[in-house]
Amino acid sequence: MAASQSIWLLRHGATEWSRNGRHTGSSDIPLLPEGEEEAKALAPRLRGQAFAQVWVSPLQRARRTCELAGLSDRAEVHQDLREWDYGDYEGITTKEIRQTVPNWSVWSHGCPGGEDATAVTARCQRLIDQLLTIEGDVALFAHGHILRSLAGTWMEQGACGGKHLILGTGTYSVLGFERENRALKHWNAPCH
């Protein structure tokens, strides 16, 4: 990847579980009507971009966001863009988890029966290795924790670097370079 190229990170629109803080990994939750509006609002921002590739998580909330943003005709499903595997914590909130595991964080504790930051960092590094072989900008439609982890890994801090990055639904962020250094060009930019 040339230093002038960019990786666009596009988080899916709002779902019922994203609104109420439930960890949504493999559960295939649809977008809310407001999430569909967030996804549609991405389209004008993306319309002028020339993407060499468009990759999307296999889960419907990311695929539908890609469709409503106007890029599904070119999208390739990429398994490594799926959300963290929350294992036993799928569908419950951080507050509920902390009732039995004080100070729990996905970044520090991981998820029993699911993934931890080491596993997610490896997955993100695989994605980055592939992205660096592409000539041109790339759009990635996925989920909050995996996109934050990807950004952290991009900045050579591993998945845990994502704990410092807030990422709302229906937003776009852009990774790129400042000279030879990997950098954030834009972060958590809403279109709605």
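Residues numbered from 1 in each chain as written. Predicted model: local features only at pLDDT ≥ 70, side-chain atom pairs only at ≥ 80, totals over all residues. Heavy atoms only, no water.

A. Spatial organisation of the pattern of salt bridges. For the coordinates displayed, the defined rule picks out 9 salt bridges. We note a salt bridge from R19 to E34, for which the minimum N-O separation is 2.7 Å. Of this pair, R19 sits in helix 1 (residues 16-20) while E34 is found in helix 2 (residues 33-47), placing the two residues 15 residues apart along the sequence. Taking the relative accessible area as the measure of exposure, R19 reaches 43% and is therefore partly exposed. Across the pair R126 and D80 runs a salt bridge whose closest N-O atoms are separated by 2.8 Å. Of this pair, R126 sits in helix 6 (residues 117-131) while D80 sits in the loop between strand 3 (75-77) and helix 4 (94-97), and the two are 46 residues apart along the sequence. (Salt bridge = Lys/Arg side-chain N within 4 Å of Asp/Glu carboxyl O. Helix = DSSP H or I, 4+ residues; strand = E, 2+ residues; numbered from the N terminus. Buried < 20%, exposed > 50% of the residue type's maximum accessible area, 1.4 Å probe, protein only.)

B. The sheet that holds strand 6 (residues 181-190), seen in detail. Judged by pairing direction, the sheet is mixed, and its 6 strands sit side by side in the order 3-2-4-1-5-6 without closing on themselves. Each edge of the open sheet is held by one strand with a lone partner, namely strand 3 and strand 6. Strand-to-strand twist in this sheet, taken as the mean axis angle between neighbours without regard to direction, amounts to 20°. As judged from the 7 bridges shared by strand 5 (residues 171-178) and strand 6, these two strands associate in the antiparallel manner. Its bridge partner lying in strand 6, E178 is registered against N181. The strands that helix 2 touches are strand 1 (7-11), strand 2 (51-56), strand 4 (137-142) and strand 5; relative to strand 1, the one it contacts most, it runs at about 170°. Taken strand by strand, helix 6 contacts strand 1, strand 2, strand 4 and strand 6, and its axis lies near 160° from that of strand 2. (Pairing = 2+ DSSP bridges. Axes fitted to C-alpha atoms, helices over the stretch in contact; angles between N-to-C directions. Contact = heavy atoms within 4.5 Å.)

C. Here's a closer look at unusual backbone geometry. For E156, which is not a glycine, the phi torsion comes out positive at approximately 65°. You can see E156 is positioned in the loop between helix 7 (144-154) and strand 5. A positive phi angle, close to 55°, is found at R179, a residue other than glycine. Structurally, R179 can be placed in the loop between strand 5 and strand 6. On the basis of relative accessibility, which here comes to 63%, the residue R179 falls in the exposed class.

D. Quick peek at the nonpolar core. Judged by nonpolar contacts, the single largest core of 32 residues is most densely connected at L9 and L140. Elements represented by at least two residues in this core include exactly strand 1, helix 5 (106-109), helix 6, strand 4, helix 7 and strand 5. Ignoring any residue separated from it by four or fewer positions in sequence, one finds L9 in contact with L140, L147, L150, A151, T171, Y172, S173, L175 and W187. Ranked by size, the runner-up nonpolar core spans 16 residues in total, among them W8, L42, L71 and A189. (Core = buried A, V, L, I, M, F, W, Y, C linked by side-chain atoms within 4.5 Å.)

E. Quick peek at helix 3 (residues 60-68). All buried positions along helix 3 are accounted for by R61, A62, T65, C66 and L68. In the stretch just after helix 3, G70 is the one whose phi turns positive, near 90°.

F. Representation of the pairing of strand 2 in the model. When strand 2 meets strand 4, the two strands line up parallel, connected through 5 bridges. Counted as the bridge partner of W55 is L140 from strand 4. Following the backbone out of strand 2, through helix 3 and into the adjacent parallel strand 3, one traces a crossover that is right-handed. (Right-handed = clockwise from strand over helix to strand, strands pointing away.)

G. Expanded view of the packing of helix 2 against helix 3. In the contact formed by helix 2 and helix 3, the axes pass within 7 Å of each other and the chain directions differ by 45°. Considered as vectors, helix 2 and helix 3 are oriented oblique to each other. When the axes of helix 2 and helix 3 are compared, the crossing they make is right-handed. Residue-level inspection shows E36, A39, K40, L42 and A43 of helix 2 in contact with helix 3, the latter providing R64, T65 and L68. The residue makeup of the contact of helix 2 with helix 3, split by class, is 4 nonpolar, 1 polar and 3 charged. (Parallel < 35°, antiparallel > 145°, perpendicular 65-115°, else oblique. Left-handed = near helix turned anticlockwise from the far one by under 90°. Nonpolar A, V, L, I, M, F, W, Y, C, P; charged D, E, K, R; others polar.)

Limitation: the analysis is restricted to geometry and does not speak to function.
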